[in-house]
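# A closer look at the structure
Below, each chain spelled out in residue letters.
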Amino acid sequence: MPASVPTGEGSKTERARRSVETVPDEDLPGVARQILAAGVARADTRNAIEDLLWVAEPGPQIPARTRRDLARALDLDVFLPAYERFKALLHRLWVLGEDTDFFFTPGDGWSLSAEIDRHVRNNPDWTAEYLFERIGAFDAIDQRFARFLEGLVSGQTLVDEDAQRRVAAVCNEHLHRVGLELRETGEADGYPVFHLTSTRAHTGRPKTLIFATPRKPDLRFHVLDNEVEIATGADRVLIYDRPISQDGLRWRDLQDWWKDRQGLTSDDEVRHTLWQRLWDSLPESPPQRLLFELYRQIHGARGADLPALLPEVWLHWDPKTVQERGVNAMRNLRMDFLMLLPGGHRIVLEVDGKHHYATGDRADPAVYAATMRGDRDLRFARYDVFRFGAAELDSQARALPLLRAFFADLFRTYQVT
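Anyway, here's the lowdown on the structure attached to this text. Note that the structure is predicted; figures quoted are calculated from it, not measured. (Residues numbered from 1 in each chain as written. Predicted model: local features only at pLDDT ≥ 70, side-chain atom pairs only at ≥ 80, totals over all residues. Heavy atoms only, no water.)

### Points about the overall build of the chain
Here is the rule we go by: The way it works is that DSSP assigns letters per residue, a run of H or I at least four long becomes a helix, a run of E at least two long becomes a strand, and they are numbered from the N terminus. A 1.4 Å probe rolled over the protein chains alone gives each residue an accessible area, and that area as a share of the maximum for its type sets the label: buried under 20%, exposed over 50%, partly exposed in between. Throughout, a contact is declared for two residues whenever any of their heavy atoms are within 4.5 Å. All accessible areas in this document rest on Shrake-Rupley with a 1.4 Å probe, and a residue is counted as covered only by the protein chains that are shown.
Along its length, the chain carries 15 helices and 12 strands. When each of the 417 residues of the chain is scored for burial, the buried share is 41%. Partitioning the intrachain contacts of the chain with sequence separation of at least 6 by distance along the chain shows that 59% fall at a separation of at least 24. Approximately 22800 Å² of the chain is accessible, and the part contributed by carbon and sulfur atoms is 51%.

### Points about unusual backbone geometry
Positive phi outside glycine occurs at alanine 212, with the angle close to 50 degrees. You can see alanine 212 is positioned in the loop between β3 (209–211) and β4 (218–222). In this model, arginine 382 sits at a positive phi of 70 degrees, which is unusual for a non-glycine residue. Note that arginine 382 resides in the loop between α14 (365–380) and β12 (383–389). Exposure remark for arginine 382: the relative accessible area of 28% places this residue in the partly exposed category.

### Structural notes on the pattern of salt bridges
Inclusion rule: Put simply, a salt bridge is a Lys or Arg side-chain nitrogen that is within 4 Å of an Asp or Glu carboxyl oxygen.
All told, the structure shown has 30 salt bridges when counted by the stated rule. Here glutamate 21 and arginine 17 are joined by a salt bridge, their closest N and O atoms 3.0 Å apart. On the criterion of helical spacing, the pair formed by glutamate 21 and arginine 17 is a turn pair, its members being 4 residues apart in helix α1 (residues 12–21). Across the pair arginine 144 and aspartate 51 runs a salt bridge, and its minimum N-O distance is 3.0 Å. Within this pair, whereas arginine 144 is found in helix α8 (residues 142–152), its partner aspartate 51 is found in helix α3 (residues 43–54), the two being separated by 93 residues in sequence. Exposure remark for arginine 144: the relative accessible area of 3% places this residue in the buried category. Look at aspartate 51 and you get partly exposed, because its relative accessible area is 25%.

### Quick word on helix α15 (residues 396–413)
Counted only if it meets this: To estimate how far a helix should extend, the number of its residues minus one is multiplied by 1.5 Å. When we speak of the arc, we mean the arc of directions from the helix axis to the C-beta atoms.
End to end, α15 covers 25 Å across 18 residues, agreeing with the expected 26 Å (1.5 Å per residue, within 8%). Along α15, the positions that sit buried rather than exposed are Ala399, Leu400, Leu403, Phe406, Phe407, Leu410 and Phe411. The buried residues of α15 occupy an angular sector of 145 degrees when projected down its axis, which confines them to one face. The exposed residues of α15 that point more than 90 degrees off its buried face are Ala397, Arg412 and Thr413. Where α15 is buried, its residues touch α12 (286–299), β8 (334–340), β9 (346–352) and β12. Directly after α15, the chain includes glutamine 415, whose backbone phi takes a positive value near 55 degrees.

### A closer look at the packing of helix α5 (residues 83–93) against α8
If you want to describe how two helices pack, look at the angle between their axes and the distance between the axes. To be explicit about the condition: To obtain each axis, a line is fitted to C-alpha atoms, and for helices this fit is confined to the stretch in contact; angles are then taken between N-to-C directions over 0 to 180 degrees. Here is the rule for angles: anything less than 35 degrees is roughly parallel, anything more than 145 is roughly antiparallel, 65 through 115 is roughly perpendicular, and the remaining ranges are oblique. A clockwise turn of the near helix away from the far one marks a right-handed crossing, whereas an anticlockwise turn of less than a right angle marks a left-handed crossing. Gly is put with the polar residues, along with every residue not named as nonpolar or charged; the nonpolar set is Ala, Val, Leu, Ile, Met, Phe, Trp, Tyr, Cys and Pro, and the charged set is Asp, Glu, Lys and Arg.
At a minimum axis separation of 11 Å, α5 and α8 run at an interaxial angle of 165 degrees. Our classification of the angle between α5 and α8 gives roughly antiparallel. As α5 runs across α8, the sense of the crossing is right-handed. Each of Phe86, Leu89, Leu90 and Leu93 in α5 lies in contact with α8, whose residues at this interface are Arg144, Arg147, Phe148, Gly151 and Leu152. Along the lines of polarity and charge, the residues of the contact of α5 with α8 split into 6 nonpolar, 1 polar and 2 charged.

### Considerations on the nonpolar core
In a soluble, globular protein the nonpolar side chains are often hidden away together inside. Heads up, the condition is: Joining through side-chain atoms within 4.5 Å is the link that ties buried Ala, Val, Leu, Ile, Met, Phe, Trp, Tyr and Cys residues into a set, and such a set is a nonpolar core.
Residues Leu209, Phe211, Leu254, Met339, Leu349 and Phe407 are the most contacted members of the largest nonpolar core, which totals 52 residues. The greatest single-element share of this core, amounting to 7 residues, is contributed by α15. Among all residues touching phenylalanine 407, those that are not within four sequence positions of it are Tyr295, Ile298, His299, Met339 and Leu349.

### Some remarks on the side chain of arginine 67
Within the fold, arginine 67 resides in helix α4 (residues 64–73). Leaving out residues up to four positions away in the same chain, arginine 67 has contacts with Ile62, Ala137, Phe138, Asp139, Ala140, Ile141, Asp142 and Phe145.

### Digging into the pairing of β9
Heads up, the condition is: Strands are labelled as partners when DSSP assigns at least two bridges between them.
Summarising burial for β9: 7 of the 7 residues are buried, a large majority. Burial along β9 is two-sided: Arg346, Val348, Glu350 and Asp352 and Ile347, Leu349 and Val351, pointing in opposite directions, are all buried. Across 4 bridges, β8 lies against β9 in antiparallel orientation. Pairing of leucine 338 across the sheet is with valine 348, part of β9.

### Details of the pairing of strand β1 (residues 180–188)
By the bridge criterion, 8 bridges tie β1 to strand β2 (residues 191–198) in an arrangement that is antiparallel. Of the residues in β2, the one forming a bridge with leucine 180 is serine 198. Linkage of β1 to β2, two consecutive antiparallel strands, is achieved through a turn of 2 residues, within which aspartate 189 is found at a positive phi near 55 degrees.

### Examining the sheet that holds strand β7 (residues 310–314)
In a beta sheet, neighbouring strands pair by backbone hydrogen bonds and run either parallel or antiparallel. What the 4 strands build is an open sheet, ordered β7-β8-β9-β12; its pairing is mixed. The open sheet has two edge strands with one neighbour each: β7 and β12. Across this sheet, the average inter-strand angle for adjacent strands is 40 degrees, counted without regard to direction. Here α15 sits on the sheet and contacts β8, β9 and β12; the angle it forms with β12, its principal contact strand, is near 170 degrees.

### Some words on the packing of aromatic side chains
Applied cut-off: Only the six-membered ring of Trp is used, alongside the rings of Phe and Tyr, when aromatic pairs are assigned; centres must lie within 6.5 Å, and planes under 30 degrees apart are stacked while those over 60 apart are edge-to-face, with the rest tilted. Our definition puts a charge over a ring when NZ of Lys or CZ of Arg is within 6 Å of the ring centre and also within 35 degrees of the ring normal.
Applying the stated criterion to the full structure yields 19 aromatic pairs. Both rings, one in tryptophan 257 and one in tryptophan 258, keep their centres 6.1 Å apart while their planes meet at 50 degrees; by these two values the pair is tilted. By relative accessible area, which is 4% here, tryptophan 257 ends up buried. Joined through ring pairs, the aromatic side chains of Tyr295, Phe386, Phe388, Phe406, Phe407 and Phe411 make up one cluster. It is arginine 67 that lies over the ring of phenylalanine 145; its NZ or CZ is 4.6 Å from the centre. Its guanidinium or amino end placed over the ring of phenylalanine 138, arginine 68 lies 4.0 Å from that ring's centre, counting from NZ or CZ.

The values reported here are purely geometric and, on their own, carry no functional implication.
Listed below in structure tokens is the structure:
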């Protein structure tokens, strides 16, 4: 916070207000996060700040009907063996008051925290639906409710793995109806970790990401360790070898990896050399190159926190050629562009030249059918495919408004901020 207001000018409250007014709008979320990290005494203030920050985060929408149906299916008894952990989760996300706060709940002299102890632990006569109603779960923002669900099946709340899986299964029975699920994504302290995600999202995280590699790479595999070695032509092959989180792969992540890989110190040099390396991997296709260039131009300085647009990404690798493999050859060996979005969404962008629908200069139904068959295979593998005709990207004047609208719609649909 700027300390530009002299100590003698006004009260502490007035000086603090004037200091806040000098903070640029784009820096306010950072100030809010520091306030939360330092600790906020009042739970209602904490939640108000969290809601302002979380509402801008990507995340699925959870309809009120789904929330209520899910609550009706839950049995609170499963949380009683580790009740204090369950109560800690409630305190962490909801405004409960304290046991001594006699004025928190008007009329009966009990705080909500004390009422929960009384009706959930001591004399269990509340249903999960009524508890959800009292804590405000049905009206909470989606991001808070998602954290609540993830907390309910966390090893920090349930110290029994079987109980974790039972509660997740009960929740998923209702979440699946709206295209969501609590999906197991890892392990923490020996317990499974669940995240709320779309069922359209890919079930696993990428393990081997080979990109910016237009020619078939010469590879050797160490099978037991799942390691890939570049046998020859290492300067023409990029393999991203860092874990990819639920947040996807951003330009910032790619730049950090490139900086360490190349041993660079200047951030400007990192951005320039990485961009040049990716640009050099593109085929001599003006429409494909224009798409790549305009992605950077449209988003400018904000692009570091947006998903990386990876060119020439290998989906399948076969030691034999297509001719050698014959009818059993894999389709879609390589993708024009891939984006790894938050929540496990994999976005494929393809620029269709004549080779996607013609042989030479003549339309070829068999070639077009093979393209469509490859599309279907990708969709069944939970990739979302978007195709551009080369004619749409034949000039910057035509392509710029098209791509600006496309990426805005894409990020809005997949809740990328």
